[in-house]
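As a plain string of letters, each chain reads:
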Amino acid sequence: MVNTVLDGLAGIGRAVLMLCRAAGALVLFALVGLSHLLRPPFYGRMFLRAFIEIGYFSLPVVALTAIFTGMVLALQSSTGLARFSAETAMPSLVVLSITRELGPVLAGLMVAGRVGAAMAAEIGTMRVTDQVDALTTLSTDPMKYLVAPRLLAGTLALPLLVLVGDILGVLGGFIIATVKLGFNAATYISNTLNYMQTIDVVSGLTKAAVFGFLIALLGCFNGYGSRGGAQGVGAATTSAVVAASVLILAFDYGLTELFFAR
Amino acid sequence: MNGAAAKIRVRGLRKAFGAKRVLDGVDLDVPEGTSTVVIGGSGSGKSVLLKCILGLIEPDAGSIEIDGRDVLRLPRGERAALRRQIGMLFQNGALFDSLPVWHNVAFGLLAQGRVNRAEARTRAVEMLAQVGLPATAAELWPAELSGGMQKRVGLARAIAAQPAVLFFDEPTTGLDPIMGAVIDGLIVDCVKRLGGTAVAITHDMASARRIADRVAMLHSGRIIWSGTPEALMASGNPYVDQFTHGRRDGPIRMELRG
Ligand SMILES: Nc1ncnc2c1ncn2[C@@H]1O[C@H](COP(=O)(O)OP(=O)(O)OP(=O)(O)O)[C@@H](O)[C@H]1O
Ligand SMILES: [Mg+2]
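Quick caveat: nothing in here was measured; it's all calculated off a predicted structure. (Residues numbered from 1 in each chain as written. Chains lettered and ligands numbered in written order. Predicted model: local features only at pLDDT ≥ 70, side-chain atom pairs only at ≥ 80, totals over all residues. Heavy atoms only, no water.)

So, the domain arrangement of chain B
Reports often express the size of an interface as the amount of accessible area lost when the parts come together.
Residues and elements named next belong to chain B.
So, point 1. On domain assignment, one finds that chain B holds domain 1 (1–85 + 163–258) and domain 2 (88–162).
So, point 2. A straight line from the C-alpha centre of domain 1 to that of domain 2 covers 24 Å.
So, point 3. Taken together, the contacts link 21 residues of domain 1 with 14 residues of domain 2.
So, point 4. Between domain 1 and domain 2, a total of about 1,600 Å² is buried, with carbon and sulfur atoms accounting for 69% of that surface.
So, point 5. Three residues stand out in domain 1 for area buried against domain 2, namely Pro-163, Asp-169 and Leu-186, and they jointly supply 29% of the buried area on that side.
So, point 6. Between the two partners, domain 1 and domain 2, sit 0 salt bridges.
So, point 7. The interface formed by domain 1 and domain 2 includes 5 residue pairs in polar contact (both at pLDDT 80 or more).
So, point 8. The set of elements that each furnish at least two residues to the side of domain 1 that touches domain 2 consists of α1 (46–54), β7 (165–169) and α6 (177–194).
So, point 9. Looking at the side of domain 1 that touches domain 2, the element that brings in the most residues is α6, giving 5 residues. (Domains from an automatic or database assignment. Contact = heavy atoms within 4.5 Å. Buried area = accessible area lost by both parts, 1.4 Å probe. Salt bridge = Lys/Arg side-chain N within 4 Å of Asp/Glu carboxyl O. Polar contact = N/O pair within 3.5 Å; in protein donor to acceptor, adjacent residues only side chain to side chain. Helix = DSSP H or I, 4+ residues; strand = E, 2+ residues; numbered from the N terminus.)

Pasting the structure below:
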């Protein structure tokens, strides 16, 4: 009896230790990656490639997510707010939810699935086929060549995506409100603009930058450390997406505290 | 040894992966301007040995001297500078599959800023011709090449920057006998003409005799025999004899499952 309890505690202890080790390795990896952004040579082409991959090719999925989110928000809140006879608050509720919260978080989760997985798979394949080692033997630092450009691209691309998503999300709400719920278009727009503050958008975009960094970081970190053939790359891909998604939600809470809690 | 200074001197090199001891006290001298062939059974740690010297795997113990300086005990910058003079052909080619063939070949030259992108393409085509590939191959992607062609592109990439030391991990495996002989000739050329130093891993005894000034055999984590290629086939060492003659019976037991 005592033994099983002790075994259980030992297991928990081991898990905690492993988690701390992984977290330490991740932080170190991030710092090394960032330090390469400050020292030449810079790989502009690699940055551009990653930026286009993240920013441009994620546009459709982020746009669709944002539009539908705006639409469903309008629908839900109009029926919900009707109980308090507060339907007029609907436009500001939609715009606040989208810019502060749902825009960055949903875009982050979608991009984590798309881009984080692809990064982990690409770098992981390069690792297990010795391509990462080959870089080193050809006078190129793989952290500088593979990781640093992706970190920068993720950090810069996601805010732009989220900005587009914010606009489309509000548009989705606007369409449902005017076409289906009989709102006056001009009132809807003026309501939206009147209640929206700079901090709403700025906080959302800051979140997006942090999420973009996290997605790229986890994709690179897991790919870079992958071992053992196709199976290892598959495992790296999965943990890149899972870890990025969890961290996005955790940082979302933390950043919201930072911006709005008093 | 031949009076020539050792370009690379390995002493007591140890590396274990978990409980598995792969290198267990390797001593190896590679004299400047010669080519050394390392032979040994599959899984005996030949690739790991080269990767340790290149700094791609951190050994557990021992010393690796390049130009008389112990790379494991130097500061990072100097360590990298010493190792930058080594070019490597990886066992599986390790071509960058996101880059076309010409960019693969010229990668080292571009990275060192020795050519611009326009010159890089011409240089790549020259290098490809040296390994018997047509200029049309330059525009292909690595995935579009046969295994033997990938190996030759890998070779062209390794020698493009004319490094002072060249490592070849099974340069002729997967090539037809004629191309194998051509590649061997190319390796000998690199060493003789450029005054370079080479370490090659091979399973091919004919190739070993063509390339080698010296042969060393790696077995159970150590160099158990080394000598000239002429002495190789009649070494009197039962392990070497079994290996070079490809006998099933002898002191080396292959680990077979089942
Ligand atoms: N990164 C690694 N992690 C764990 N084990 C490894 C690693 N690299 C090599 N090994 C192990 O080290 C041993 C030696 O591997 P190595 O690739 O050096 O063999 P080799 O002599 O080159 O064989 P071959 O002739 O088949 O290429 C193998 O048993 C392999 O399983
Ligand atoms: Mg090998």
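Overview of the sheet that holds strand β8 (residues 197–201) of chain B
Residues and elements named next belong to chain B.
So, point 1. Sheet architecture is open: 6 strands sit in the order β6-β7-β8-β3-β9-β10, paired in mixed fashion. The two strands at the open ends of the sheet, each matched to only one other strand, are β6 (86–89) and β10 (222–227). Put simply, the sheet's adjacent strands are angled 20 degrees from each other on average, direction ignored.
So, point 2. Note: β6 against β7, 4 bridges, orientation parallel. Note that in β7 the partner of Leu-89 across the bridge is Phe-168. (Pairing = 2+ DSSP bridges. Axes fitted to C-alpha atoms, helices over the stretch in contact; angles between N-to-C directions.)

Here we look at the site of ligand 1
Residue and element names in this part refer to chain B.
So, point 1. Around ligand 1, a shell composed of 14 residues is seen, among which Lys-20, Ser-42, Gly-43, Ser-47 and Gln-91 lie nearest.
So, point 2. Interatomic distance of 2.8 Å between a backbone N/O atom of Gly-43 and an oxygen atom of ligand 1.
So, point 3. Contact between ligand 1 and Lys-46: an oxygen atom at 2.8 Å from a side-chain N or O atom of the residue.
So, point 4. In the complex, 66% of the free accessible area of ligand 1, which totals 630 Å², lies under the protein chains.
So, point 5. Those elements that place two or more of their residues in the shell around ligand 1 are β2 (20–31) and α1.
So, point 6. Looking at the shell around ligand 1, the element that brings in the most residues is α1, giving 3 residues.
So, point 7. For the shell around ligand 1, a count of residues per class yields 3 nonpolar, 8 polar and 3 charged. (Near = heavy atom within 4 Å. Areas by Shrake-Rupley, 256 points an atom, 1.4 Å probe, with all protein chains shown as cover. Nonpolar A, V, L, I, M, F, W, Y, C, P; charged D, E, K, R; others polar.)

Section: the nonpolar core
So, point 1. Of all hydrophobic cores here, the largest spans 79 residues; its most connected members are Leu-146 of chain A together with Leu-23, Val-26 and Phe-167 of chain B.
So, point 2. Element by element, the count of residues in this core is highest for helix α6 (residues 142–180) of chain A, at 10 residues.
So, point 3. Counting residues domain by domain, this core receives three or more from each of domain 1 (1–85 + 163–258) and domain 2 (88–162) of chain B.
So, point 4. Not counting residues within four places of it along the chain, the set of residues in contact with Phe-167 of chain B comprises Ile-8, Leu-50, Ile-53, Leu-54, Ile-86, Gly-87, Met-88, Leu-89 and Val-199 of chain B.
So, point 5. Judged by nonpolar contacts, the second largest core, of 48 residues, contains Val-131, Leu-145, Val-191 and Ala-208 of chain B. (Core = buried A, V, L, I, M, F, W, Y, C linked by side-chain atoms within 4.5 Å. Buried < 20%, exposed > 50% of the residue type's maximum accessible area, 1.4 Å probe, protein only.)

Remarks on the interface of chain A and chain B
So, point 1. The partner chain B presents 20 residues to the 16 residues of chain A that form the contact.
So, point 2. Buried surface at the junction of chain A and chain B, both sides included, amounts to about 1,500 Å², of which 57% is carbon and sulfur.
So, point 3. Of all residues in chain A, Gln-131, Thr-137 and Leu-138 of chain A give up the largest surface area on contact with chain B, accounting jointly for 35% of the area buried on that side.
So, point 4. Linking chain A to chain B there are 1 salt bridge.

Details of the side chain of Arg-152 of chain B
All names here are of chain B.
So, point 1. Mapped onto the secondary structure, Arg-152 falls in helix α5 (residues 147–160).
So, point 2. Despite its burial, Arg-152 remains without a salt bridge, the nearest opposite charge being carried by Asp-176 at 5.8 Å.
So, point 3. Those residues in contact with Arg-152 that sit more than four places away from it in its chain are Val-131, Gly-132, Leu-133, Leu-175, Met-179 and Ile-183. (Lys, Arg positive; Asp, Glu negative; His and termini not counted.)

Regarding the pattern of salt bridges
So, point 1. The tally for this structure, following the rule as stated, stands at 21 salt bridges over all chains.
So, point 2. Between Lys-51 of chain B and Asp-130 of chain A there is a salt bridge, with its nearest N and O atoms 3.1 Å apart. With Lys-51 of chain B in helix α1 and Asp-130 of chain A in the loop between α4 (90–128) and α5 (131–137), the pair connects residues from two separate chains.
So, point 3. Among the residues examined, Asp-130 of chain A registers a relative accessible area of 13% and is labelled buried.

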